[in-house]
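# Descriptive structure summary
Letter by letter, the chains look like this.
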Amino acid sequence: MSDPVSNRILIVDFGSQVTQLIARRVREAGFYSEIIPYNADPARFADFGARAIILSGGPASVLNEDAPTIPAPVAASTLPMLGICYGQQALMHETGGTVSKGTAQEFGRADVTVAEDCALFDGLWETGSSHPVWMSHGDKVTALAQGWRVVAASEGAPFAVIENPTANRYAVQFHPEVHHTPDGAGLIRNFLTKVAGLEPDWSMASFRAEAIAKIRAQVGDKRVICGLSGGVDSSVAAVLIHEAIGDRLTCIFVDHGMLRKNEGAEVVSLFRDTYNIPLIHVDASATFLGALAGVSDPETKRKTIGGLFIDVFEAEAKKIEGAAFLAQGTLYPDVIESVSVTGGPSVTIKSHHNVGGLPERMDLELVEPFRLLFKDEVRALGYEMGMPHSLVGRHPFPGPGLAIRIPGDITPERASILREADAIYIEEIRRAGLYDEIWQAFAVLLPVKTVGVMGDGRTYESVCGLRAVTSVDGMTADVYPFDPAFLGRVATRIVNEVRGINRVVYDITTKPPGTIEWE
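Residues numbered from 1 in each chain as written. Predicted model: local features only at pLDDT ≥ 70, side-chain atom pairs only at ≥ 80, totals over all residues. Heavy atoms only, no water.

## Remarks on the state of the cysteines
- Taken as a whole and judged by the stated rule, the model has zero disulfides.
- Between cysteine 118, a cysteine without a disulfide, and cysteine 85, which holds the nearest cysteine sulfur, the sulfur-to-sulfur distance is 18 Å.
- Residue classification places cysteine 118 among the buried residues on the basis of a relative accessible area of 10%.
- Take cysteine 251: it sits in no disulfide, and the sulfur closest to it among the cysteines is that of cysteine 226, at 4.5 Å. (Disulfide = S-S within 2.5 Å. Buried < 20%, exposed > 50% of the residue type's maximum accessible area, 1.4 Å probe, protein only.)

In structure tokens form, the structure reads like this:
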């Protein structure tokens, strides 16, 4: 496999919940990175062609008999190495240092004080200064292996940052990859540029050129079909593949009747008129809404929509003569292997299909240009290709669409009511200049009716819930703090303009304990 970059960074995963953030920080610094589980085939580490290595954190204790260990090819490597949390402890435990059970676990914010100059601190931290970091550990290093020294410490971690510059090895007890460590990205960047001496060579421009070459080599003179949802991933994939093979790409857009207001027309216009991409538009809304009649269980809704989508998509795909490939917007988080720290091999935790999990009988080879990209990198690629912010920067939208934003039974009337309310809400958010500050915002039509007064009459109509959250990656989310006047304005418009709603409420639940979507 040819590579768009030469400075490849290996991340050895010991099972941390935030290992993916290490890869993202490395890529943000301009370096290509991949995550490989600690217990993968040793040949994978040797064949990767790394220029530097980062050891992740993990939930295990190095003191346990079956604790994860540093892979032999990595332990024997002379490449620059950075250990994080468990990675630090493993480095010490396996090279003659001492790790002990902590008398108290340390989770959350801590302040580290710089004791000595260090390449990791260059341009960031000065000797004697203190800085906030994010700790999450029980065990801690209590004695260093030969050749190492302390360069920063915290009250709970006297060996918070250690170095062995002769061996080109560095280690930290805290997590620089999380946004709770404000200077963490800078520390990782310094490891790559100041310690490893590497020049950034990973960009969306280089990825774009390489991806186009790979698509052309894989597809040859055959045809590709792409399930287009109108979301960011499938849309950017379609534009990239069309750039590579032109009209040998055909997109299939299935309207299941659960889209947002005017969304179907916007997708058709953008891809047919702006990009001149061959597009089959299937309005199957009546079929889907008929199948969803009387269905109230959220999981049944998802399965009903997914199954029907496969049937409709397959029927249309069979009409495309010579189609040999199926394009999907599979992302890197979907294919990263899980790590078992209690024994057993690593496995692929899930397979992802943008178009609902198509059956093997379709006998199509997959084209997955984003298989090694994170979501934010797909957006960056979209901007690199000149795609409009209105599409690339749009909020996430679930595959089942409005179906999981209508708790209870779904009817064409209820879908129409929600579609109008949601459009007003998003319109006001955009008008206030808040859209890009919010991770996701949407309206929900509740299976609850309340008494109201409109004019001189009594009403008994539905309740509309509004949801808006901020997030870094969707794993956790905070409520967006709208001004009460804004919420009042939105509520007034919805009640006045959408017949069928007489009350509006705002969901102030964080994730966790709630989820972002209601179903």
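The structure having been displayed, the exposition proceeds.
## Considering the packing of aromatic side chains
- Using the criterion set out here, one finds 13 aromatic pairs in the structure.
- Measuring from centroid to centroid gives 5.7 Å for phenylalanine 14 and tyrosine 38, while their planes differ by 25°, and the two rings are stacked. Here tyrosine 38 lies in the loop between strand E2 (32-37) and helix H2 (42-47) and phenylalanine 14 lies in the loop between strand E1 (8-13) and helix H1 (19-28), a separation of 24 residues in the sequence. For the pair phenylalanine 14 and tyrosine 38, a shared accessibility class is recorded, and that class is buried.
- Ring geometry for tyrosine 32 against tryptophan 202: centres 5.0 Å apart, planes inclined by 55°, an arrangement best described as tilted. Note that tyrosine 32 is positioned in strand E2 and tryptophan 202 in the loop between helix H5 (184-195) and helix H6 (204-219), a separation of 170 residues in sequence.
- Assessed through its relative accessible area of 5%, tyrosine 32 is described here as buried. (Phe/Tyr/Trp six-rings, centres within 6.5 Å; stacked < 30°, edge-to-face > 60°. Helix = DSSP H or I, 4+ residues; strand = E, 2+ residues; numbered from the N terminus.)

## Describing the side chain of glutamate 163
- By secondary structure assignment, the location of glutamate 163 is in strand E10 (residues 161-164).
- A residue is classified by how much of its surface remains accessible, and glutamate 163, at 4% relative accessible area, is buried.
- A polar contact of 2.6 Å, which involves the side chain of glutamate 163, links it to the side chain of arginine 149.
- If we ignore the near neighbours within four places in the chain, the residues touching glutamate 163 are Asp117, Cys118, Gly147, Trp148, Arg149, Val151, Arg169 and Tyr170. (Polar contact = N/O pair within 3.5 Å; in protein donor to acceptor, adjacent residues only side chain to side chain. Contact = heavy atoms within 4.5 Å.)

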